[in-house]
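Reading the structure
Here is how the chains run, residue by residue.
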Amino acid sequence: MQMVRGRWTKNQIELNRTFLTRLPDKFEIYLGAEKVQVVNKKSCGILIVKSFYLPSSREITVRKIGSEISAGPVLGIMARGLDDESAERFIRYFMKGSVLSYVFDESQLTKQQINGYYFDEEWHHLKLPKPNFVFDRTYPSRPENRSRLPRSAFINPITQFSKSQVAKILAQNGIAVPETFSGTFEKAYRMFSLFYLKPDRGSFGQDMFIVQKQSEDYTVYTSTSDTLHTYSANEIEWLLGAIQENGYILQRGIEPIYYKGEPADFRLHLLADPHPRVTLIAARTSRWPFLYTSTPKRIIKTGRVLSEKDKKALEDLAIKVHSVISKVYGPYVELSLDVVQEKSSEKFYVIDVNGKSTRVHPQILRYDIEEYFRAPEKLANHLFVTGGDLSMGMGRVR
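None of the values given here were measured: they were computed from a predicted structure.

The rules behind these values
Residues numbered from 1 in each chain as written. Predicted model: local features only at pLDDT ≥ 70, side-chain atom pairs only at ≥ 80, totals over all residues. Heavy atoms only, no water. Buried < 20%, exposed > 50% of the residue type's maximum accessible area, 1.4 Å probe, protein only. Helix = DSSP H or I, 4+ residues; strand = E, 2+ residues; numbered from the N terminus. Arc of directions from axis to C-beta. Contact = heavy atoms within 4.5 Å. Pairing = 2+ DSSP bridges. Axes fitted to C-alpha atoms, helices over the stretch in contact; angles between N-to-C directions. Phe/Tyr/Trp six-rings, centres within 6.5 Å; stacked < 30°, edge-to-face > 60°.

Those residues of helix α4 (residues 233–243) lying buried are Ile236, Leu239, Leu240 and Ile243. Buried residues along α4 cover an arc of 95° about the axis, so they all sit on one side. The outward face of α4, more than 90 degrees from its buried face, is lined by the exposed residues Asn234 and Trp238. Against β15 (194–199), β16 (209–213), β17 (218–222), β18 (227–231) and β19 (248–252) lie the buried residues of α4.

Let us now look at the sheet that holds β19. Pairing is antiparallel in the open sheet, where six strands are placed in the order β14-β19-β15-β16-β17-β18. Each edge of the open sheet is held by one strand with a lone partner, namely β14 (180–182) and β18. Sheet twist, expressed as the average angle between the axes of neighbouring strands with direction ignored, equals 20°. Where β14 lies against β19, three bridges are found, and the strand directions are antiparallel. Across the sheet, the residue bridging to Ser182 is Ile249, located in β19. Across the sheet, helix α3 (residues 163–172) touches β14, β15 and β19, and the angle it forms with β14 is around 135°.

Glancing now at the packing of aromatic side chains. Under the defined criterion, the tally for this structure stands at 18 aromatic pairs. Taking 5.4 Å as the distance between ring centres and 90° as the angle between the ring planes, the aromatic pair formed by Phe94 and Trp123 counts as edge-to-face. Placement of Phe94 in the loop between β8 (74–79) and β9 (100–105) and of Trp123 in strand β11 (residues 122–128) is noted, with a sequence separation of 29 residues between them. Of the residues examined, Phe94 reaches a relative accessible area of 15% and is grouped as buried. Using a relative accessible area of 23% as the deciding quantity, one classes Trp123 as partly exposed.

Below, the structure is given as structure tokens:
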């Protein structure tokens, strides 16, 4: 693999003359994931790109592997419902580096050419090359989008996981998860004195039922209405029958550790920029005598809850989860986990994995939120210059 740095200005890419002298006067290169014709002005050290015009100067890397030449990386940040006004919220993703980044609406994938929003001191809405890296910020992600860019590597390719599928994958890789059931719950619910009924795919803590067995009946918490009710055995069976056809899972409840008498769990954030590392561990306590922290009573730093040994164990767990998820689904630049430490065994259980992380916890605890916006370009650049995009199989739909 041969690599040279250059600069793209308007319709010209300035490159090392020695590199260009070995190439023909006209040839094709991949600009991002778009194959384009270029004219080689060897004496000037310039490639003329006829298909695209960049209004400002930008660093770019040209990579030669065998006979294939690629210029990039080109990172497309894919959004849903994007327009001139809403593009502004993505401004923090744009860095002065060697990655050509822009934001585009997913509807552009059905068109022959992508028009996106490029920022350099001001916004430009223009025709841009198809990206060889797509950071998916839609929710939920749509699998058909990946097939529309077969040469592109999708980062965070699935933003809404199936909880039952992820639980199975993690368990197969030696990661502790609570017993999780999908389909019919007729036998499963009798096995546990505490269990959670959740939509199989993300609901942001809504539409959940937390069920505790009492001596004769059941106490049921409904998250949508934030209310607690008593159900008879017949009413529980009716509830299970009503929801099991609607894509729900049943998950065993773990008795957690407590902080100042309040049930607590942990939210972990992980970034791969480019190498995976844990950027946040936040402890959350429940307003109820059982664990429900989608709307926590308090969010605190873990130093007040966990020992350094347990904190290190959590970090190792998060990195292992990231490795498993990335191998199965594709590369993830960011991932968040919900983890419970069982009171009796002190064992950590992964309750949920989120492919599109909320950034509320880092903001509340005053962590460096800017690192979340720098990470996608760092990962894309690392994968491009190391050829990592090729080893993970660009274009493969996972």
